[in-house]
Amino acid sequence: MTGAFDSLTEAELEDRFEAADYVADDRTVTTVNLALSLGRPLLVEGPPGSGKTELGKVLAASFDTDLIRLQCYEGLTAENALYEWNYTKQLLAVQADEGTVADEPTPAVDDPDPGADSRDRSVFGEEYLLERPLLRALTAGGDDPPVLLIDEIDRADEEFEAFLLELLSDFQVSIPEFGTVQADQPPIVVLTSNRTRGLSDALKRRCLYLNVEPPAFQTEYEIVRRKVPELDVAVAAEVCAVVGRLREESFLKQPGVSETLDWARAVAQLRTDDADRPLSADEIERTLGCLLKEAADVGRIDTELLETLEAAAAAADERVEA
Amino acid sequence: MARDNPQITQSGASPGYKPTDTGDDVPDFGAARQHTLVELVRFASDLRSEGVRVPASATLDAARALAVVGLGDREGAANALRATFLSETTDTDAFEAAFPTFWHRLRSGLDRIATAHDGPEPGDGDDGTGEVEASPGNSAADDPDTLDDADPPELSGEGNGEVEVRIPTERRHATGDRAATTGDADARRYSAVGGRERVEAAVARLTDDETAAIDRFVDALSTLPGRRRRRSTTGDQVEARRALRASLQTGGAPMELPRSAPSPAELRCCLLVDVSGSVLDTVDRSVLLSFADRLHNTAREAGVFLFDTDLVEVTTQFAGADGDPAAALRDAEIEWGGGTKIGGAFAALRDRHPHAVDRRTVVVVVSDGLDVGDQDTLADSITWLAERAGAVVWLNPLAVSPKYKPESRGMATSLPYLDALFGFAEPADLAEAARQLEHRGLSGSVGYEYDPRRADSGGDSA
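Values in this document were obtained by computation on a predicted structure and should not be read as measured data.

A.B. asks: Explain the overall build of chain A to me, and be specific about the residues and the numbers.
C.D. replies: Within chain A, the secondary structure is distributed over 16 helices and nine strands. With 322 residues in all, chain A has 37% of them scored as buried. Across chain A, contacts joining residues at least 24 apart in sequence account for 80% of those joining residues at least 6 apart.

A.B. asks: Which residues make up the interface of chain A and chain B, and what values go with them?
C.D. replies: On the chain B side, the residues contacting the 35 residues of chain A number 38 residues. Those elements that place two or more of their residues in the side of chain A that touches chain B are helix H2 (26-38), helix H5 (87-103), helix H6 (114-123), helix H9 (201-205) and strand E9 (208-211) of chain A. Taken together, the residues that form the side of chain A that touches chain B break down as 14 nonpolar, ten polar and eleven charged.

A.B. asks: A description of the packing of helix H1 (residues 10-19) of chain A against H2(A) should follow, citing residues and the corresponding values.
C.D. replies: How two helices sit against one another is set out by the angle between their axes and by the gap between those axes. Residues and elements named next belong to chain A. At their nearest, the axes of H1 and H2 sit 10 Å apart, and the two run at 110° to each other. Viewed along their axes, H1 and H2 adopt a mutual orientation that is roughly perpendicular. The handedness of the crossing between H1 and H2 comes out as right-handed. Here H1 contributes Glu10, Leu13, Glu14 and Phe17 to the contact with H2, which in turn contributes Val29, Thr30, Val32 and Asn33. Looking at the contact of H1 with H2, its residues break down into four nonpolar, two polar and two charged.

A.B. asks: How would you explain the nonpolar core if you had to name every residue and give the values?
C.D. replies: If you look at the biggest cluster of nonpolar residues, it comprises 104 residues, and the most contacted ones within it are Leu42(A), Val190(A), Ala236(A), Val239(A) and Val242(A). Ignoring sequence-local partners within four residues, the contact set of Val190(A) consists of Leu42(A), Val44(A), Leu55(A), Gly56(A), Leu59(A), Val147(A) and Leu149(A). Counting residues in hydrophobic clusters, the runner-up holds 73 residues, among them Leu272(B), Phe307(B), Val362(B) and Ala399(B).

A.B. asks: Pulling in residues and values, what's your account of unusual backbone geometry?
C.D. replies: Residues and elements named next belong to chain A. Positive phi outside glycine occurs at aspartate 64, with the angle close to 55°. With respect to the element layout, aspartate 64 can be found in the loop between helix H3 (52-62) and strand E2 (67-71). Under the C-beta neighbour-count criterion, aspartate 64 is labelled exposed, with 9 such atoms within 10 Å. Here the phi dihedral of phenylalanine 171 falls at roughly 50°; this positive angle occurs in a residue that is not glycine. Since 22 C-beta atoms lie within 10 Å of it, phenylalanine 171 is described here as buried.

A.B. asks: Report on the sheet that holds strand E13 (residues 420-423) of chain B, specifying residues and quantitative values.
C.D. replies: All names here are of chain B. Reading across the sheet, the six strands line up as E9-E8-E7-E11-E12-E13 and stay open at both edges, with mixed pairing between neighbours. The sheet is open, and its two edges are formed by strand E9 (311-313) and E13, each paired on a single side. Direction aside, the axes of adjacent strands within the sheet are offset by 20° on average. One ladder, built from six bridges, connects strand E7 (residues 268-274) with strand E11 (residues 361-366); its direction is parallel. Note on E11: the bridge partner recorded for cysteine 270 is valine 363. Most of the contacts of helix H9 (residues 208-222) go to E7, to which it runs at about 125°, and overall it touches E7, strand E8 (300-307), E11 and strand E12 (391-396).

A.B. asks: Account for the confidence of the model for chain B, with residues named and values stated.
C.D. replies: Residue and element names in this part refer to chain B. Residues with a pLDDT of 70 or more make up 72% of chain B, whose mean pLDDT is 73. The element-level mean pLDDT for chain B is lowest in strand E2 (residues 187-191), coming to 38, with helix H4 (residues 74-85) highest at 90. Here residues 119-193 is modelled with pLDDT under 50, and outside its nearest four sequence neighbours on either side it reaches 109 contacts, counting other chains as well. Throughout residues 457-462 the model reports pLDDT below 50, and contacts reaching past four residues in sequence, or to other chains, amount to eight contacts. Both scores are available for the predicted complex, with the pTM at 0.63 and the ipTM at 0.72.

A.B. asks: A description of the packing of H9(B) against helix H18 (residues 427-440) of chain B should follow, citing residues and the corresponding values.
C.D. replies: Residues and elements named next belong to chain B. It is at 8 Å that the axes of H9 and H18 come closest, and there the two elements cross at 35°. Here H9 and H18 pass one another in a crossing that is left-handed. Counting all contacts with H9, which are made through Glu210, Ala213, Ile214, Arg216, Phe217, Ala220 and Leu221, the residues of H18 involved are Pro427, Ala428, Leu430, Ala431, Ala433, Ala434, Leu437 and Glu438. Per-class residue counts for the contact of H9 with H18 are twelve nonpolar, no polar and three charged.

A.B. asks: If you had to explain the pairing of E9(A) to someone new, which residues and values would you point to?
C.D. replies: Residues and elements named next belong to chain A. Alternating residues of E9 divide into Leu208 and Leu210 and Tyr209 and Asn211, and every residue in both groups is buried. Where strand E1 (residues 42-45) lies against E9, four bridges are found, and the strand directions are parallel. In the sheet register, leucine 42 faces E9, and the bridge partner there is leucine 208.

A.B. asks: Help me get a handle on H2(A), residues and values and all.
C.D. replies: Each full turn of the α-helix corresponds to 3.6 residues, which orients residues three or four apart in the same direction. Across its 13 residues, H2(A) extends 18 Å between first and last C-alpha, which sits within 8% of the 18 Å expected from 1.5 Å per residue. For H2(A), the buried fraction is high: ten of the 13 residues fall into the buried class. Among the residues of H2(A), Thr28(A), Thr30(A), Thr31(A), Val32(A), Asn33(A), Leu34(A), Ala35(A), Leu36(A), Ser37(A) and Leu38(A) are the ones counted as buried. Where the residues of H2(A) are buried, they touch H1, E1, strand E8 (188-193) and E9 of chain A together with helix H3 (58-69) and H4 of chain B. Within two residues after H2(A), Gly39(A) carries a phi angle of roughly 65°, on the positive side.

A.B. asks: Can you explain the sheet that holds strand E5 (residues 147-151) of chain A? Please cite residues and give values.
C.D. replies: Residues and elements named next belong to chain A. Spatially, five strands are ordered E2-E5-E8-E1-E9 in an open sheet, and the strand pairing comes out parallel. Two strands close off the open sheet at either side, each with one partner strand: E2 and E9. With strand direction ignored, the average angle separating the axes of adjacent strands in the sheet is 20°. Two elements, E2 and E5, share five bridges in a ladder whose sense is parallel. Counterpart to isoleucine 68 in the pairing with E5 is leucine 148. On the sheet, H2 packs against E1, E8 and E9 and is oriented at approximately 160° with respect to E9.

A.B. asks: Talk me through the environment of Ile334(B); I want residue IDs and the actual numbers.
C.D. replies: Residues and elements named next belong to chain B. Position of isoleucine 334 among the secondary structure elements: in the loop between helix H14 (325-331) and strand E10 (335-336). Between the C-alpha atom of isoleucine 334 and that of glutamate 313, which follows or precedes it by 21 residues, the distance is 10.0 Å. Apart from residues no more than four positions distant in its own chain, isoleucine 334 is found in contact with Val199, Leu306, Val312, Val314 and Leu329.

Rules of the game
- Residue indices follow the written sequence of each chain, beginning from 1 at its first position.
- The naming scheme follows written order: chains are lettered A onward, ligands numbered 1 onward.
- The predicted nature of this model means local features are confined to residues of pLDDT at least 70 and side-chain atom pairs, given and counted, to a pLDDT of 80 or more, with totals for whole chains, interfaces and linings taken over all residues.
- Each helix is a run of DSSP H or I of at least 4 residues and each strand a run of E of at least 2, with the numbering of both proceeding from the N terminus.
- In this scheme the burial state of a residue depends on its C-beta neighbours within 10 Å: 20 or more other such atoms mean buried, 12 or fewer mean exposed, and anything in between means partly exposed; the C-beta positions come from the backbone.
- By the convention adopted here, residues make contact when the C-beta atoms placed from their backbones lie within 7 Å.
- All amino acids are sorted into three groups, where Ala, Val, Leu, Ile, Met, Phe, Trp, Tyr, Cys and Pro are nonpolar, Asp, Glu, Lys and Arg are charged, and the leftover types, Gly among them, are polar.
- A fitted line through C-alpha atoms serves as each axis, taken over the contacting stretch for helices, and the angle formed by two N-to-C directions is quoted from 0 to 180°.
- For classification purposes, angles smaller than 35 degrees are called roughly parallel, those larger than 145 roughly antiparallel, those between 65 and 115 roughly perpendicular, and all remaining angles oblique.
- When the near helix sits turned anticlockwise from the far one by under a right angle, the crossing is termed left-handed; a clockwise turn instead gives a right-handed crossing.
- Nonpolar core, as used here: buried Ala, Val, Leu, Ile, Met, Phe, Trp, Tyr and Cys residues forming one set through C-beta atoms within 7 Å.
- A pair of strands is considered paired only if DSSP assigns at least 2 bridges between the two.
- Each residue carries a pLDDT score, the predictor's own confidence in it, on a scale running from 0 to 100.
- Multiplying one less than the number of residues by 1.5 Å gives the expected span of a helix.

Quick look at the structure:
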């Protein structure tokens, strides 16, 4: 439908992800490829820290286009997301216009104030418009379509979700004073959601759906190795094994991939000597703050669990595939 | 959804379709295309009949997606269909269960079309699709994949043993008018599979004070300042857009400044009432029901669930209760009074009604926390509930006792995840809870331990 990515194959997309150091499984590659070639928005759902936002960034980086990011929050309105009138400029224009209006002939009786009408038109023109992310994504020129990342759509309220529908299905928005703005080139749209509330069927219908789960051991190991090259490879495997074991506990906030990376960097940072010594329980306990972000979760770590984690780390080597 | 099937069968053997096979060596691409579309539509309707919410336009998208990824790779096709048919993680299981059947029917149909082009006879294409149109049951039975995937029916035999729980029945009689228990026994036996009975309760007439107490509690829970703004004469912010428009009347001099104030965001309520035998013996049943009824009527979009060993949604029964919820529940043949598996009930809420709870929902649990189910299930599901809900407030009938401590297994497991734990045996307890919430908010120091009546009644704070 868009035409821009018709010839894109999964292998090419995989190469681009590879070049951007983004480790993606087959499901992600297929779904992203479909979203690009069908010209549909992509809805990515998953727990925090599972690489949803990163996907948008990597897409922009690997196609070498602009990333336009809209962070959603409760109470987000059209004025913050789409456009706003430059009120100061408008007010000044209206006031500057006052002299000329006064010099005009007295208005006819049936038309008490035609001057107001003409002023009204003039100050609602393009030059008084401040573009916000959504409008910028539609009007961005250039050879390649920009990537529009609508982050954490579940944080915005239902009203905002409804407002997005026109944009997502037709890549156009209507501004009451201005008319309809149509995208020269439909942007690549990625929506992310942490699944804190159900999204409306109307929104979901317009998107392709990708569910991101915490990665399997091998995938996560691959990610850590690429993103934290300073960490010894054997220790990287241990790090992933410990995080994998931690995810089996019921914590308020499960550690995601981003926590794994933080922790891997922390471990690498603290090891000034003896870089390939195995992870110890003491080391895990000291750096736990990188992984667990809730007091209640940290409180649940006791000696017994630490020993289990240490055992998981010790068994990590065998799980690494050649 | 059952009526979809005949339509599909019709379109599969559509009389308008003419086989393009002319008897040479070229496979019948037209038939293959037709067959793929028919199977897609049938797959979509199979998913719908399993309760998956497949959007109306999804079949079109799925067909386009298949055209992109091709039919050669099973996993690739599955990914394409997941991206287009699914929009909920909870639907994944249904998809995984139905996909092998779809794939088998699709492939075998295509193989037949590919091999059938040697000796085409009139109606050959129809025969091919006709075979594939065997009822889902038959083809599923033929398919070894499907059989492998089928799980044996799950047996829920655990936790049937009897457990002994000690219930402190010494009650505070601060208000005196409605003692909930007789206080003659301090230990009772409950069985996890305790006999259920039909819902019986007298219609309770709440006094005005009691009604007001419940309303105040709901209000305290559900009104928070929102982030959206609305017009207000006393608002704290100027509305620039309207100010500018108004200034056009006065030649650009803003004479009046329209103002806006935050509009209150109402939270929804989700009420989970434990109707196990132990709770029913502690709390007056008619009070329990009229509390649920009043809360359902007052709160915005309140959902009501009853649970003992199983969870059942009774929102519609309460909606049609007309002042007598007991009768409505009886008419719906809902029973109560079994054992308690709190974890199982929360897990059922997660699996069957995931959208009953979201960030804008306050979950109110009425339960004594005497859980005989699996503690790991409880820990998992209360974690989910706490993370998902705006707040979780627990009303414990036992916590009205001055000596109460949340030491029972279920309560101790749940406690770290709760925003507040209050005692509840009669509406007056809710007035106290509402008072604390109004003063200190949900994030403040609120709970049964801050109830001033506790100290009055002689219980020591230790």
